[in-house]
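Descriptive structure summary
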Amino acid sequence: MATIEECRAALDKLSDSMGRAEGDVRAAASMERSVSCHVTDLDVTFAGRLTGGRIDVRDTFPGPPREKAQIRLSMTGDDLMALVDGELHFARAWASGRVRLEAGLRDLFQLRKLL
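Report on the accompanying structure.

About the thresholds
Residues numbered from 1 in each chain as written. Predicted model: local features only at pLDDT ≥ 70, side-chain atom pairs only at ≥ 80, totals over all residues. Heavy atoms only, no water. Pairing = 2+ DSSP bridges. Helix = DSSP H or I, 4+ residues; strand = E, 2+ residues; numbered from the N terminus. Axes fitted to C-alpha atoms, helices over the stretch in contact; angles between N-to-C directions. Contact = heavy atoms within 4.5 Å.

Turning our attention to the sheet that holds strand S5 (residues 100-103). With mixed pairing, five strands are arranged side by side in an open sheet as S3-S2-S1-S4-S5. Looking at strand neighbours, the two that pair on one side only are strand S3 (54-62) and S5, the edges of this open sheet. Looking at each pair of strands side by side, their axes are set apart by 20° on average, direction ignored. With four bridges connecting them, strand S4 (residues 71-75) and S5 associate as antiparallel partners. Bridge pairing in S5 places Leu 73 opposite Leu 101. Contacts from helix H1 (residues 4-19) reach strand S1 (33-39), strand S2 (44-51) and S3 within the one sheet, and its direction differs from that of S3 by about 165°. This element, helix H3 (residues 77-84), spans S1 and S4 of the sheet and lies at about 110° to S4.

As structure tokens, this is what we get:
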């Protein structure tokens, strides 16, 4: 089972990858949105903003998200790490229910370029 520190490092790695993206992926990453990622097996939430093409994690707290972010992810820590490392395909994980993504319809269309 992944630790809180490993999950935070995975989010930092994802943020770095987004910062280096180009083209359509870069455009999608440049959205300005609130973001939360609930790691279900650790029952911890990382909350922050997608801004300037990066994810800025501003808070980590126990339990589910306290506020409804514009983009909400939920998964286990191991799945988060596997997604970031390229070992787990997002679409398949989402379709099977391993990863949960909630956002407005417009944001979902933009996010599909990232995922």
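Now, onward.
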